[in-house]
Amino acid sequence: MAAQEQDDRKSTIAEFNEAVNMTPAELEKWLGTDESNGVGQQSGGDGESVGHASGRRIVELLRTRKSDLSDDDVAHMRKVVGYVHRHIEQRPSGDVSDTKWRYSLMNWGHDPLK
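These numbers were taken from a predicted model, which means no experiment stands behind them.

S.K.: Got a minute to help me understand the nonpolar core in this structure?
M.R.: A general trend in soluble globular proteins is that nonpolar side chains are found buried together. Counting 25 residues, the largest nonpolar core has Phe16, Leu27, Trp30, Met77 and Val80 as its most contacted members. Secondary structure elements with two or more residues in this core: helix H1 (3-19), helix H2 (24-31), helix H4 (50-62), helix H5 (71-88) and helix H6 (100-107). For this core, the leading source of residues is H5, giving six residues. Filtering out sequence-adjacent residues up to four positions away, Trp30 remains in contact with Met22, Glu35, Ser36, Tyr103, Met106 and Asn107.

Below, the structure written as structure tokens:
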């Protein structure tokens, strides 16, 4: 792997670890709630939102050793970072505790109230 690729990989992993502020256990517990299942865009016919599926993948990524991460894993981490950063910019005014905005972010592993 070229030095630039290695640096990009390291920076993506670092940004992912900053963006995802929920532990695997917290995220798993959250993904089991009605609130988690009630937000996000549906992609396939299975009724699961894109963010919910991503959350399940994030739990796996958080439990994977850095040295075992595939290029596809790092690409998903990059997608998570982009989503979290874009979504944070759309923060609604007022208390966000019980909002779809917060719930959607939490599906992607980021709790804005933490």
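Once the structure has been displayed, the description carries forward.
S.K.: How should the side chain of Arg9 be read in this particular structure?
M.R.: In this fold, Arg9 is placed in helix H1. Taking the relative accessible area as the measure of exposure, Arg9 reaches 14% and is therefore buried. Among the polar contacts listed, one links the side chain of Arg9 to the side chain of Asp71, at a separation of 3.2 Å.

S.K.: Help me understand H1, please; the structure alone is not making it clear to me.
M.R.: The α-helix winds at 3.6 residues per turn, so residues separated by three or four positions along the chain end up facing the same way. With 17 residues, H1 ought to run about 24 Å at 1.5 Å a step, and its terminal C-alpha atoms sit 24 Å apart, in line with that. Every buried residue of H1 is listed here: Arg9, Thr12, Ile13, Phe16 and Ala19. With its buried residues spanning 130° around the axis, H1 presents them on a single face. Away from the buried face of H1 by more than 90 degrees, exposed residues Ala3, Gln4, Lys10 and Glu18 are located. Packed against the buried residues of H1 are H4 and H5.

S.K.: Explain the environment of Arg78 here, please?
M.R.: Mapped onto the secondary structure, Arg78 falls in helix H5. Taking the relative accessible area as the measure of exposure, Arg78 reaches 46% and is therefore partly exposed. Taking C-alpha positions, Arg78 is 10 Å from Ala19, a pair spaced 59 residues apart along the chain.

S.K.: Help me understand the packing of aromatic side chains in this model?
M.R.: Geometrically, a pair of aromatic rings is defined through the distance of the ring centres and the angle of the planes. With the rule as written, the count across this model stands at two aromatic pairs. Residues Trp30 and Tyr103 carry aromatic rings whose centres are separated by 5.3 Å and whose planes lie at 45° to one another, so their mutual orientation is tilted. Residue Trp30 is found in helix H2, and its partner Tyr103 is found in helix H6; the two are separated by 73 residues along the sequence. Summarising the aromatic geometry, the rings of Tyr83 and Trp108 are spaced 4.3 Å apart at their centres and angled 15° between planes, so their arrangement reads as stacked. Here Tyr83, found in helix H5, pairs with Trp108, found in the segment after H6; they are 25 residues apart in sequence, far enough to count as distant. What makes Tyr83 buried here is its relative accessible area of 16%. Given a relative accessible area of 5%, Trp108 falls into the buried group.

What counts and how
- Residues numbered from 1 in each chain as written.
- Predicted model: local features only at pLDDT ≥ 70, side-chain atom pairs only at ≥ 80, totals over all residues.
- Heavy atoms only, no water.
- Core = buried A, V, L, I, M, F, W, Y, C linked by side-chain atoms within 4.5 Å.
- Buried < 20%, exposed > 50% of the residue type's maximum accessible area, 1.4 Å probe, protein only.
- Helix = DSSP H or I, 4+ residues; strand = E, 2+ residues; numbered from the N terminus.
- Contact = heavy atoms within 4.5 Å.
- Polar contact = N/O pair within 3.5 Å; in protein donor to acceptor, adjacent residues only side chain to side chain.
- Expected span 1.5 Å × (residues − 1).
- Arc of directions from axis to C-beta.
- Phe/Tyr/Trp six-rings, centres within 6.5 Å; stacked < 30°, edge-to-face > 60°.

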